[in-house]
Amino acid sequence: AVTTRLKFLVAVRPGLVSPTLAHRMAATFDRQSDGRVLVNVVTGGDVDELHGDGLFLNHAERYEQTDEFLHVWRGLARGET
């Protein structure tokens, strides 16, 4: 309520949350912060960490998944359903 310039970076990992839910949550936070939300889409990472999160895709498969995630995300941002 007292900040006006502070921005918020939110990390999103495709495969752990649906693109529709992630977009809705980010859009809500963005509205509440007057457009100050930044989204970091995390595709890679430590293999053990990925496995711990339940992600067992190889490198190429994770990037394919991210491409599909962002395709849906961008459609939602344009008002598509």
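Please refer to the structure placed before this passage.
Remember, it's a predicted structure, so these values are computed and weren't measured experimentally.

Looking at a negative patch on the surface
- A cluster of acidic residues, Glu61, Glu64, Asp67 and Glu68, forms a negative patch at the surface.
- For Glu64, the position within the fold is in helix 3 (residues 59-77).
- When its relative accessible area of 56% is taken as the criterion, Glu64 is described as exposed.

Regarding the environment of Tyr63
- Along the chain, Tyr63 falls in helix 3.
- On a C-alpha basis, the gap between Tyr63 and His51 in space is 16 Å, while along the polypeptide they are 12 residues apart.

Regarding the side chain of Thr43
- Assignment of secondary structure puts Thr43 in the loop between strand 2 (37-41) and helix 2 (47-52).
- Only 2.9 Å separates the side chain of Thr43 from the side chain of Thr66, close enough to count as a polar contact.
- For Thr43, the contacting residues outside a window of four places in its chain are Arg13, Arg62, Tyr63 and Thr66.

What about the packing of aromatic side chains?
- All told, the structure shown has two aromatic pairs when counted by the stated rule.
- For the ring pair Phe8 and Phe29, a centre distance of 5.1 Å and an interplane angle of 40° mean the geometry is tilted. Of this pair, Phe8 sits in strand 1 (residues 8-12) while Phe29 sits in helix 1 (residues 19-32), placing them 21 residues apart in sequence.
- With relative accessibility at 31%, the residue Phe29 sits in the partly exposed group.

Regarding the packing of helix 1 against helix 3
- Interhelical geometry of helix 1 versus helix 3 gives an angle of 45° and a closest axis separation of 9 Å. One way to sum up the angle between helix 1 and helix 3 is to call them oblique. For the pair helix 1 and helix 3, the crossing hand works out as right-handed. On helix 3, the residues touching Pro19, Thr20, Ala22, His23 and Ala26 of helix 1 are Phe69, Val72, Trp73, Leu76 and Ala77.

Parameters at a glance
- Residues numbered from 1 in each chain as written.
- Predicted model: local features only at pLDDT ≥ 70, side-chain atom pairs only at ≥ 80, totals over all residues.
- Heavy atoms only, no water.
- Patch = residues over 30% accessible without salt bridge, like charges linked within 9 Å, V, L, I, M, F, W, Y side chains within 5 Å.
- Areas by Shrake-Rupley, 256 points an atom, 1.4 Å probe, with all protein chains shown as cover.
- Salt bridge = Lys/Arg side-chain N within 4 Å of Asp/Glu carboxyl O.
- Lys, Arg positive; Asp, Glu negative; His and termini not counted.
- Charge placed at Lys NZ, Arg CZ, Asp CG, Glu CD.
- Helix = DSSP H or I, 4+ residues; strand = E, 2+ residues; numbered from the N terminus.
- Buried < 20%, exposed > 50% of the residue type's maximum accessible area, 1.4 Å probe, protein only.
- Polar contact = N/O pair within 3.5 Å; in protein donor to acceptor, adjacent residues only side chain to side chain.
- Contact = heavy atoms within 4.5 Å.
- Phe/Tyr/Trp six-rings, centres within 6.5 Å; stacked < 30°, edge-to-face > 60°.
- Axes fitted to C-alpha atoms, helices over the stretch in contact; angles between N-to-C directions.
- Parallel < 35°, antiparallel > 145°, perpendicular 65-115°, else oblique.
- Left-handed = near helix turned anticlockwise from the far one by under 90°.

By themselves, these figures tell us nothing about what the structure is for.
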